[in-house]
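# Examination of the molecular architecture
The chain contents come next:
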Amino acid sequence: MGTEARPVVSLRGVRKVFGDNEVLKGVNLDVGPGEVVVIFGRSGSGKSTLLRCINLLEEPTSGSVEVDGIRYEAGPGNRPRRSAMREIRSRTGMVFQDFNLFPHLSVIENVVEAPVTVKRMPRAEADRLGIRSLEKVGVADKKDEYPIRLSGGQKQRVAIARALAMQPEVMLFDEPTSALDPELIGEVLAVMKDLALESGTTMVVVTHEMGFAREVADRMAFMHEGNLIEEGPPAELVGGARDPRTRRFLEAVL
Amino acid sequence: MQRLVSLVAVLGALSVISACGGGSAGGGDGGDLLQQVKDAGVLRVSTDPAYPPQSFQTESGEFKGFDIDVAEEVAKRMGVEVEWQTPSWDVITAGNWNGRWDLSVGSMTPTPDRRKVLHFSPAYYYVPAAAAVHETNTNITDPETDLDGKMIGVCAACTYEAYLEGSLNIPGEYEYVVDDPQVKTYDTDSSAIQDLALGDGARLDAVMSSLYTLKEAQKAGTPIKVVGDPLFYEPLAAAIDKEAPADPQPLVDEVSKTIREMHEDGTLTKLSQKWYGIDLTERQGA
Amino acid sequence: MNIRDRLEARSAHYSFRAKLAVVWILIFVALAVLFAAFRFDTAFMLQWLPFILAGVPLTILISIMGILLAVPLALLGALGRLSRNPVFNGISGFYVSFIRGTPLIVQIFFIYLGLPQLAQYAPGPLQGLFILGTITSGVLALGINYGAYMAEIFRAGIQSVGHGQVEAAQALGMTRTQTMRRIVLPQAIRVSIPPTGNEFIAMIKDSSLVGIVGTQELFFRASKIGRQYFQNLETLVIAALIYWLLTSIFSYFQGRLERRLARGYVREGGGPHGH
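Residues numbered from 1 in each chain as written. Chains lettered and ligands numbered in written order. Predicted model: local features only at pLDDT ≥ 70, side-chain atom pairs only at ≥ 80, totals over all residues. Heavy atoms only, no water.

## Details of the overall build of chain A
To be explicit about the condition: Starting at the N terminus, helices and strands are each numbered in turn, a helix being any DSSP run of H or I of at least four residues and a strand any DSSP run of E of at least two. The size measure is the radius of gyration over C-alpha atoms, and the globule rule it meets is 2.2 Å times the number of residues to the 0.38 power. For the exposure calls, accessible area comes from a 1.4 Å probe over protein chains only, and a residue counts as buried if that area is under 20% of its type's maximum, exposed if over 50%, partly exposed in between. Contacts are assigned to residue pairs with any non-hydrogen atoms lying within 4.5 Å of each other. All accessibility values rest on the Shrake-Rupley procedure with a 1.4 Å probe; residue burial counts only the protein chains present in the view. We count Lys and Arg on the positive side and Asp and Glu on the negative side, and we leave His and both chain ends out. Charge coordinates come from a single atom per side chain, which is NZ of Lys, CZ of Arg, CG of Asp or CD of Glu.
On a plain count of helices and strands, chain A comes out with 9 helices and 10 strands. Over its C-alpha atoms chain A spans a radius of gyration of 18 Å, differing by no more than 12% from the 18 Å that the globule rule assigns to 254 residues. Each principal axis of the C-alpha atoms in chain A carries an extent, and together these give about 50 × 45 × 40 Å. The burial tally for chain A puts 56% of its 254 residues in the buried class. In chain A, 63% of the contacts between residues at least 6 apart in sequence involve partners at least 24 apart. On chain A, roughly 10800 Å² of surface is accessible, and the fraction owed to carbon and sulfur atoms is 44%. The positive charge centre, built from 34 side chains, and the negative charge centre, built from 37, are 4 Å apart in chain A.

As structure tokens, then:
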């Protein structure tokens, strides 16, 4: 891609070692403004870890992470800076496979929790913002329910609204539909598609939903044994992958 | 930061609770103990209200008995009111009251060990120590001979235990007449008496206690009987903590003087007649 | 049809509750017989019942103050045990271990008799803080003692909150303290409330130990009157029945509280059911 604006996410040489197991082997990744990147690959390939390194839920063993100009250097000789960590996290929104809604809070309380606690936003303002986020994902009518009363699809949409309410520069999705019953997957993917195509949200998505990837992604990146080995626009990659490992995986899943 | 806040909250709560209890302890300044009592207008007296007729509580919670009357008379002559405290007996006799109360009028025997930590007034009366057996018992009639080798119940660390061990160490001459007793000790005389009541020889053959404690038990329907004459008379006195936060000596002098006056003007004799039916204010026998 | 079959057939007509009621009634009848066999002096018991009952408010006061002190201590203890700060963790570990490893009665005496020994080292106005009254000593001892036991309850409560909750909070940019206070603790406390109620009920009974330093609570009154009139058994039976009644009342309210708390975690109205 040409010489466009500064990337929102920029990973350089990110390594992550768990004990003897090198899960990430020095990954570079740039995500530009408004870009949708889908990371795919076998389970255990390191794609979730890579995503979690972007908002530092996993601290890289070495390498650097930069989000919206905030830089975090990992590795020996670099003391982890908690403030930079939190800065990065408040600029990224994350959606988990298991939703991780706060069960003791109502839907709207889930959504306004971080704006009020982290950004010190007045409650009334946070409420307005929260309602807007819920409207965007189509669950505003459930705002006073508790999470236990929602379906899986509704839960995941609330989780998306919760992340959006922090007005992040980039949204991270970690297998957002894997825990859903098949008939509920569609409503979540529809919301994600709307975010990508209508709102121009910058997104990094780890998913097995190849249909979604082909339709929505600007770029797909194939992860294999801790390395990003091939990336490109869906149209080029599907059917035209150069690396035999990418080809084999795509043949298997498509 | 939040942790600090909650820590401070806990400490705050603690100090509020402390303040509720600590308030009555009477600050360290403001002269000697007697002066503090007079300033407060209150004499705090400890008593163990489980021993009629010397100290007990009525259904309505009022304190009554010989000790109670003596203490109230002492306070009256000092021009102050009595406030009762009920710590356990061993806490009273151990001294180091830390200013929680001022005076014990609790029929306490001035033993040398207690003298190490407490000041004593002159004795305000003398109580006969006697032995009792179960009412069905027939073979123990004279404690001077029949108690030898028997299982005898007494309160722990009290004068009766010391007597049976031959180590009574209080003013006066004593003759130890019980040979080789098996001594079983209890937290109070009352527990020993209730154990004796289970039956002759069930757990105990006899109990040694104050004659009046034994008589009171008999009166309450406990199946025991006093045998023979009293074994000895013990002097009983008021006590004041030597380690009191304020100088205790003037209060000791004042209480001692008052008790001597009460001996002389017949007040103590009158109170003894009222509660015991006889005059116990002079040393007798033994 | 043999007798057993016939009995079973008849039994099936009656509900479990009815049978349970019959069992309870039989137990009470047996107790009444036993009571009669002891030949208790009921006139004496009735005479002194009001005096002993007058200790109930103090017993309840001591227990409530005790639990109010125990909760924050338990919370600090639990946070300390989970903390990565060695000082905080060490102190909490010692607190829980030492207090759980020593008898409550020793702790009561230590606070009542031992603490004043330190007063001499304190500046004048603070000395009163060391010389505590009997009630204060008792409340402090009960609070500290139960705080140590409840620290383990709270710790289990905190650990029962899934790691996903912590990650979700951190992903939103919340600090560790914010995560603990806003997300983990509210959920932990909710699961800790029922066992805390149990501890409170146990504390009502343990408050009897405070009588030993001379607090005129329920047990103190019962035991003094028992000694005074040489009828310990009678007065202790009264005390036992009153403690039983008190704990039954609080158990009832605790049951209701538990059902109410469960409500927020239930899908549709009605009783709690797992899924």
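## A few points about the sheet that holds strand E2 (residues 21-31) of chain A
Residues and elements named next belong to chain A. What counts here: Pairing between strands requires that DSSP locate at least two bridges from one strand to the other. Axis definition: a line fitted to C-alpha atoms, over the contacting stretch in the case of helices. Angles run 0 to 180 degrees between N-to-C directions.
Taken in spatial order, the 4 strands of this open sheet run E2-E1-E4-E5, and their pairing is antiparallel. In the strand order of this sheet, the two ends are held by E2 and strand E5 (70-74), each with one partner. Taking each pair of neighbouring strands and ignoring which way they run, the sheet shows an average axis angle of 20 degrees. On the sheet, helix H1 (residues 47-54) packs against strand E1 (9-18), E2 and strand E4 (62-67) and is oriented at approximately 120 degrees with respect to E1. The strands that helix H2 (residues 82-90) touches are E4 and E5; relative to E5, the one it contacts most, it runs at about 130 degrees.

## So, the pattern of salt bridges
Here is the rule: Salt bridges, as used here, are contacts in which a Lys or Arg side-chain nitrogen is within 4 Å of a carboxyl oxygen on Asp or Glu.
In total, this model carries 33 salt bridges over all chains according to the counting rule given. The partner of Arg-71 of chain A in a salt bridge is Glu-73 of chain A, with the nearest N and O atoms 2.7 Å apart. The exposure class assigned to Glu-73 of chain A is partly exposed, which follows from its relative accessible area of 32%. Lys-274 of chain B is the partner of Asp-69 of chain B in a salt bridge, and the nearest nitrogen-oxygen pair spans 2.7 Å.

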